[in-house]
Amino acid sequence: MRKKLLAGNWKMNKLNAELSDYFEQFTKALRLNETQVKNQVDTLFAVPYLLLEKSASIAQKFGISIAAQNVHWEKSGAFTGEVSISMLKELRVQTTLIGHSERRQYFGETDETVTKKVKACLENGMTPIVCVGERREEREQGKTSQVVSRQMQAFLEVISSPGSLIVAYEPVWAIGTGLSATSDQAQEVHALIRDILSKKFGKGTADTIRILYGGSASPKNVDDLFTKPDIDGCLVGGASLKPDEFAAMVLAGR
Ligand code: 13P
């Protein structure tokens with residue numbers, strides 16, 4: 001049985017000055033004590049680097065994890081503007097997104113850099129949430145399986161054990177558009193991802209790996225998404241910026 005994970009991705013939003021209010025409203029909206037929340041569903045926020053320290057000190061009291069949105073694969077050195085795994089670990093941050101489509105689209109992230117990052121994370125005790133997903137034209141050309149398989153195989157080739165790996169399927173055309181994939185469309189790709197993981201690590205291990213759906217996930221479609229056997233949680237952009245909406249999605253994961 002895989003425990004659901006509701007992960008918010010704040011992208012480049014919010015300020016340190018907004019954190020206390022957000023988490024107060026969020027935990028109030030959950031109307032559960034922290035032990036109950038923790039037992040029933042895992043909750044995580046991927047926040048901008050400069051918000052990590054304060055978010056972690058507030059959120060960890062409630063059993064909520066804080067993650068980064070990116071990390072560099074090298075330990076240290078002349079990489080202006082980059083952040084290392086040990087810098088994140090110094091702040092007790094144990095998880096990071098890798099290969100989000102916005103990083104692929106705007107910041108030159110490729111299957112190759114994703115692979116280096118995933119390898120570095122797994123070798124250094126950092127949980128990678130690896131994002132994969134096809135663009136609109138790729139889906140229209142019937143290339144969804146091909147694209148997702150390529151993105152998965154790239155990093156799987158260099159790892160021998162999945163460690164704490166989490167995968168997020170985020171169809172690019174569904175991100176920030178209000179046009180979520182249907183639960184059937186999402187399940188089809190999640191099943192493909194699990195099959196790829198099974199071939200690499202064996203079915204028993206693949207069955208323990210969480211696969212999140214992201215792309216206009218909201219309180220409106222989360223119940224439907226969660227009826228599907230291979231959807232183990234959501235990676236949520238817009239709706240995670242609103243504490244009431246994100247809390248409703250966490251409650252749906254129980
Ligand atoms: P939206 O939920 O705003 O579509 O964003 C999804 C996403 O990119 C999460 O990483």
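A brief report on the enclosed structure follows. Predicted model only: the values in this text are computed from it and were never measured.

### Observations concerning the layout of surface pockets
Its boundaries defined by the atoms lining it, the largest pocket holds a volume of some 500 Å³. Among the elements that line the lining of the largest pocket, the one with the most residues is helix H5 (residues 101–106), at three residues. Residues of the lining of the largest pocket, tallied by class, amount to eleven nonpolar, five polar and four charged.

### A closer look at the pairing of strand E5 (residues 127–132)
With six of its six residues buried, E5 lies for the most part within the structure. Where burial is concerned, the two faces of E5 agree: the one with Thr 127, Ile 129 and Cys 131 and the one with Pro 128, Val 130 and Val 132 are both buried. Bridge count for strand E4 (residues 95–98) against E5 is four bridges, and the pairing is parallel. Across the sheet, Thr 96 pairs through a bridge with Pro 128, a residue of E5. Summarising the sheet, E5 and strand E6 (residues 166–169) pair through four bridges and their orientation is parallel.

### What about the packing of helix H8 (residues 144–156) against helix H9 (residues 183–201)?
Contact geometry of H8 with H9 gives a least axis separation of 10 Å together with a crossing angle of 35°. Pair H8 / H9 crosses with right-handed handedness. Judged by residue contacts, Thr 144, Ser 145, Val 148, Ser 149, Met 152, Gln 153 and Leu 156 of H8 engage Val 189, Leu 192, Ile 193, Ile 196, Leu 197, Lys 200 and Phe 201 from H9. Classifying every residue of the contact of H8 with H9 gives nine nonpolar, four polar and one charged.

### Examining the packing of aromatic side chains
Counted under the stated rule, the structure contains twelve aromatic pairs. Ring pairing ties together the aromatic residues Trp 10, Tyr 22, Phe 23, Phe 26, Phe 45 and Phe 246, which thus form one cluster. A cation over an aromatic ring shows up here: Lys 4 above the ring of Phe 226, its NZ or CZ 5.1 Å from the ring centre.

### Comments concerning the packing of helix H6 (residues 111–123) against H8
Between H6 and H8, the least distance of the axes is 8 Å, while the angle of their chain directions is 40°. Accordingly, the angle class assigned to the pair H6 and H8 is oblique. In the crossing of H6 with H8, the sense of the turn from one axis to the other is right-handed. Contact residues: Asp 111, Thr 115 and Val 118 in H6; Arg 150, Gln 151, Ala 154 and Phe 155 in H8. Residues belonging to the contact of H6 with H8 are distributed by class as follows: three nonpolar, two polar and two charged.

### Thoughts on the environment of Ala 186
The topology assignment puts Ala 186 in helix H9. Sequence-wise, Ala 186 and Ala 46 are 140 residues apart; in three dimensions their C-alpha atoms are separated by 22 Å. With sequence-adjacent residues up to four places away left out, Ala 186 is seen in contact with Tyr 169, Ala 181, Tyr 213, Leu 225 and Ile 231.

### Focus: the sheet that holds E6
Around the barrel, eight strands lie side by side as E1-E2-E3-E4-E5-E6-E7-E8; this closed barrel has parallel pairing. Across the sheet, the mean angle separating the axes of adjacent strands is 25° when strand polarity is ignored. Summarising the sheet, strand E2 (residues 42–46) and strand E3 (residues 65–68) pair through three bridges and their orientation is parallel. Within E3, the residue paired with Leu 44 across the bridge is Ser 65. Seen against the sheet, H8 touches E5 and E6 and runs at an angle of roughly 155° to E5.

### Observations regarding the site of the ligand
Near the ligand there are 13 residues, and of these Lys 11, His 100, Gly 176, Ser 216 and Gly 238 occur at the shortest range. Contact distances for the ligand include 2.8 Å between an oxygen atom and a side-chain N or O atom of Lys 11. Within the complex, the protein chains bury 95% of what would otherwise be the 310 Å² of accessible surface of the ligand.

Here is what the cut-offs are and how they apply
Residues numbered from 1 in each chain as written. Predicted model: local features only at pLDDT ≥ 70, side-chain atom pairs only at ≥ 80, totals over all residues. Heavy atoms only, no water. 1 Å grid on protein atoms, 1.4 Å probe; cavity = no way out; pocket = protein on both sides within 12 Å on 5 of 7 lines; lining within 4 Å. Points joined across faces, edges and corners; volume = space filled by probe spheres on them. Helix = DSSP H or I, 4+ residues; strand = E, 2+ residues; numbered from the N terminus. Nonpolar A, V, L, I, M, F, W, Y, C, P; charged D, E, K, R; others polar. Buried < 20%, exposed > 50% of the residue type's maximum accessible area, 1.4 Å probe, protein only. Pairing = 2+ DSSP bridges. Axes fitted to C-alpha atoms, helices over the stretch in contact; angles between N-to-C directions. Left-handed = near helix turned anticlockwise from the far one by under 90°. Contact = heavy atoms within 4.5 Å. Phe/Tyr/Trp six-rings, centres within 6.5 Å; stacked < 30°, edge-to-face > 60°. Lys NZ or Arg CZ within 6 Å of the ring centre and 35° of its normal. Parallel < 35°, antiparallel > 145°, perpendicular 65-115°, else oblique. Near = heavy atom within 4 Å. Polar contact = N/O pair within 3.5 Å; in protein donor to acceptor, adjacent residues only side chain to side chain. Areas by Shrake-Rupley, 256 points an atom, 1.4 Å probe, with all protein chains shown as cover.

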